[in-house]
Amino acid sequence: MDHTALSLIELGAVFFVLGALGRLAAKIGMSPIPLYLVGGLCFGQGGLIPLGDIGPFTHLASEMGVVLLLLLLGLEYSAAELFTGLKRSWMAGVLDIVLNAAPGAAVALILGWGAVGALVMGGVTYISSSGIIAKVLGDLGRLGNRETPVVLSILVFEDLVMALYLPILTALLVGVSVLGGLKAVGISLAVITVVLVVALKFGRYVSALVDSPDREVFLLKVLGAALLVAGAASALQVSAAVGAFLLGIAISGSTAENATHMLEPLRDLFAAVFFVVFGLNTNPAQIPPVLGWAIALAVVTTLTKVATGWWAARRQGVGKMGRARAGAALVARGEFSIVIAGLAVSYGAVDSELAALATAYVLLMAILGPTAARLVEPAARALQRKGSTASAPSTAT
Amino acid sequence: MNVEVTPLPGIGVRKDFAIRNGRRVGVVTHRDGQIELIVSKSDDPDACLASLPLSTDEAGALANLLGAPQLVAQLTEEHRDLPGINTKQLPIKNASPFDGRTLGDTGMRTRTGVSIVAVMRAGQVHPSPTPDFTFTSGDLLVAVGTSEGLEAAIKILKYG
């Protein structure tokens, strides 16, 4: 069989299997991300289909997956929303960083992965999955709830932190000196500030630049702009993903809505490839030794996220049940934990076991998150009932 | 009515208000234009008992059932090109001196130059009410006039 034919067959088989896995995920009401990771684990390491022939394609496609993930995340927010979100939630946001990055960083240090490994694992356990959480909130009919804006503004804060964190991480992964690192951080801070100000004041010009009434022209312009900006950002060591995120923020209004509609299927396709490639690069044999750590991290960071949400919701005057819902809603980790781990692995600057730990952790959290969000209310009610029956006799006597 | 507008970053906007029994009623407008009607629970005011997705048509139909805003918006639109003429909805409140009295008793046209063109009651529109039309609290009067006249009309309905 000639080379092209073989590549097409392989690629087709991969997409088809992913489609089947996605359908399975939708049927049992969970996020497809863990299944894509499992799919990647199966394809790699002498799995069903060796992907040697389409390696170059999947590599580029997974890069595009990250760019599109972040671009669409940026498109969801307007600069004004980011600023108000920041103002409203910065205290909860700081607590969020401290509580949730610490366990990951601590485990990395215990396992001897050094400061860079600690920064990576801290990011992996810190960042909630806005994709999974937004979907769960919609599915459970909680958009009208009073604690929901609290949850969303924490997510906004996290996404902004990502815009700062990724360039810093990239600089450290490349292994630059302290001075070089500071320079990279300075550049990225300046770029982010400029982009946010431009987006706030001149967002419509950026939108007008990429806008077009013709679907085809519009798609090419948006995608072209995203890859150009991502590439340029990458050349400046600000991380391609952040470039795409900032472009997404600068595009606003109806242009952003149209772009979201048009790019969503592309993002789903390329992001799926990204998760598979991450799974491929992870050696399943390395998972069992770190599984204990993954479970320990899952338990601890579930509790710390619940605490974060509880505290943030209480500050907004939300009742106990709402606080519990806010906490449980934040538990899910997903795409961005993998983006961070993927970045670290691609630079080869961290222990290869880190990918295995991150995979196992995200597998657990992507399943645990939606489950916790769903079960928190019945569980809290059961607790309340137990509490009231236990206290009833004591008040009677 | 004190409508609370809460931005939901990445999703849309929530507009709701508390009704007399303490529950909240409102809508969540999604970015893509989808509308959800929300009603909060009575035992847990932070949570929603229902969040019903409505199409634009369904939301329009519901708004029509609930009455006045739709009609007023329509009349305002028709009067857009006539400067100085405004349409406003004026409530007959619980404490209003005209609860149980007639349109004639208000002397509205003589005193303010404002015309009452319709009365909305229980989702029904009563067009062109005659002077012997009897008001009851909860009625919404659709009034047309100058802005000064409408200001005066509000005061009359409140204080007599």
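Just so it is clear, the structure is predicted and the values come from calculations on it, not from any experiment.

Participant: When you look at the overall build of chain A in this model, what are you seeing that I'm missing?
Facilitator: When helices and strands are counted, chain A shows 15 helices and 0 strands. The C-alpha atoms of chain A give a radius of gyration of 21 Å, which matches the 21 Å a tight globule of 397 residues would have. The dimensions of chain A, computed from C-alpha atoms along their principal axes, are 85 × 55 × 45 Å. Across the 397 residues of chain A, 52% fall into the buried class.

Participant: In this structure, what is going on with the overall build of chain B? I would like to understand it.
Facilitator: When its secondary structure is counted, chain B shows 5 helices and 9 strands. Its helices and strands in sequence order give chain B the pattern β-β-β-β-β-α-α-β-α-α-β-β-β-α, from N to C terminus. Expressed along its principal axes, the backbone C-alpha trace of chain B runs to roughly 50 × 40 × 25 Å. Every one of the 160 residues in chain B was classed for burial, and the buried ones make up 37%. Across chain B, the fraction of contacts at a sequence separation of at least 24, relative to all contacts at a separation of at least 6, is 45%. The positive charge centre, built from 16 side chains, and the negative charge centre, built from 18, are 6 Å apart in chain B.

Participant: I'm lost on the pattern of salt bridges in this one. Help?
Facilitator: When charged atoms on two side chains of opposite charge get close, those side chains can pair. Counting across every chain of the model gives 15 salt bridges over all chains. Note that arginine 325 of chain A and aspartate 44 of chain B form a salt bridge whose closest N and O atoms lie 2.9 Å from each other. You can see arginine 325 of chain A sitting in helix α13 (residues 320–329) and its partner aspartate 44 of chain B sitting in the loop between β4 (35–40) and β5 (48–54), one on each of two chains. Taking relative accessible area as the criterion, aspartate 44 of chain B reaches 6% and is therefore assigned buried. Ionic pairing is found between arginine 24 of chain B and aspartate 16 of chain B, a salt bridge with its closest N-O pair at 2.5 Å.

Participant: When you look at the environment of isoleucine 132 of chain A in this model, what are you seeing that I'm missing?
Facilitator: Residues and elements named next belong to chain A. Within the secondary structure layout, isoleucine 132 lies in helix α6 (residues 130–139). Isoleucine 132 sits 199 residues away from valine 331 along the chain, and the two C-alpha atoms are 9.9 Å apart. Residues within four places of isoleucine 132 in sequence aside, it is in contact with Ser31, Ile33, Ala332, Arg333, Gly334, Glu335, Ala366 and Pro370.

Participant: Would you take a moment to explain the pairing of strand β3 (residues 24–30) of chain B for this structure?
Facilitator: Along any regular strand, the residues point their side chains to alternate faces of the sheet. All names here are of chain B. Across the two faces of β3 the burial differs, with Arg24, Gly26, Val28 and His30 buried and Val25, Val27 and Thr29 not buried at all. Connecting the antiparallel pair strand β2 (residues 12–18) and β3 is a turn made up of 5 residues, with glycine 22 showing a positive phi of about 95°. Hairpin connection of β3 to β4: 4 residues between the antiparallel strands, including glycine 33 at a positive phi of 95°.

Participant: What am I meant to see in the side chain of arginine 24 of chain B here?
Facilitator: With respect to the helices and strands, arginine 24 of chain B occurs in strand β3. Separated by 3.5 Å, the side chain of arginine 24 of chain B and the backbone oxygen of glycine 144 of chain A make a polar contact.

Participant: Looking at this model, I keep getting lost on a nonpolar patch on the surface. Mind explaining?
Facilitator: Residues and elements named next belong to chain A. A cluster of nonpolar residues, Leu291, Ile295, Val299, Val300, Leu303 and Leu364, forms a patch on the protein surface that exposes about 490 Å² of accessible area. Looking at the nonpolar patch, the element that brings in the most residues is helix α12 (residues 287–315), giving 5 residues. Examined against the element boundaries, isoleucine 295 turns out to sit in helix α12.

Participant: In this structure, what is going on with the packing of aromatic side chains? I would like to understand it.
Facilitator: Aromatic rings in a pair are described by how distant their centres are and how their planes are angled relative to each other. Residues and elements named next belong to chain A. This model, assessed by the stated rule, comprises 3 aromatic pairs over all chains. Centre to centre, the rings of tyrosine 36 and phenylalanine 275 are 6.5 Å apart; their planes meet at 25°, and the pair counts as stacked. Here phenylalanine 275 lies in helix α11 (residues 253–280) and tyrosine 36 lies in helix α2 (residues 33–43), a separation of 239 residues in the sequence. Counting every residue linked through ring pairs, the aromatic cluster contains Tyr36, Phe274 and Phe275.

The rules behind the values
- Residues numbered from 1 in each chain as written.
- Chains lettered and ligands numbered in written order.
- Predicted model: local features only at pLDDT ≥ 70, side-chain atom pairs only at ≥ 80, totals over all residues.
- Heavy atoms only, no water.
- Helix = DSSP H or I, 4+ residues; strand = E, 2+ residues; numbered from the N terminus.
- Rg over C-alpha atoms; globule rule 2.2 N^0.38 Å.
- Buried < 20%, exposed > 50% of the residue type's maximum accessible area, 1.4 Å probe, protein only.
- Contact = heavy atoms within 4.5 Å.
- Lys, Arg positive; Asp, Glu negative; His and termini not counted.
- Charge placed at Lys NZ, Arg CZ, Asp CG, Glu CD.
- Salt bridge = Lys/Arg side-chain N within 4 Å of Asp/Glu carboxyl O.
- Pairing = 2+ DSSP bridges.
- Polar contact = N/O pair within 3.5 Å; in protein donor to acceptor, adjacent residues only side chain to side chain.
- Patch = residues over 30% accessible without salt bridge, like charges linked within 9 Å, V, L, I, M, F, W, Y side chains within 5 Å.
- Areas by Shrake-Rupley, 256 points an atom, 1.4 Å probe, with all protein chains shown as cover.
- Phe/Tyr/Trp six-rings, centres within 6.5 Å; stacked < 30°, edge-to-face > 60°.

Geometric descriptors of this kind do not, in isolation, establish any biological role.
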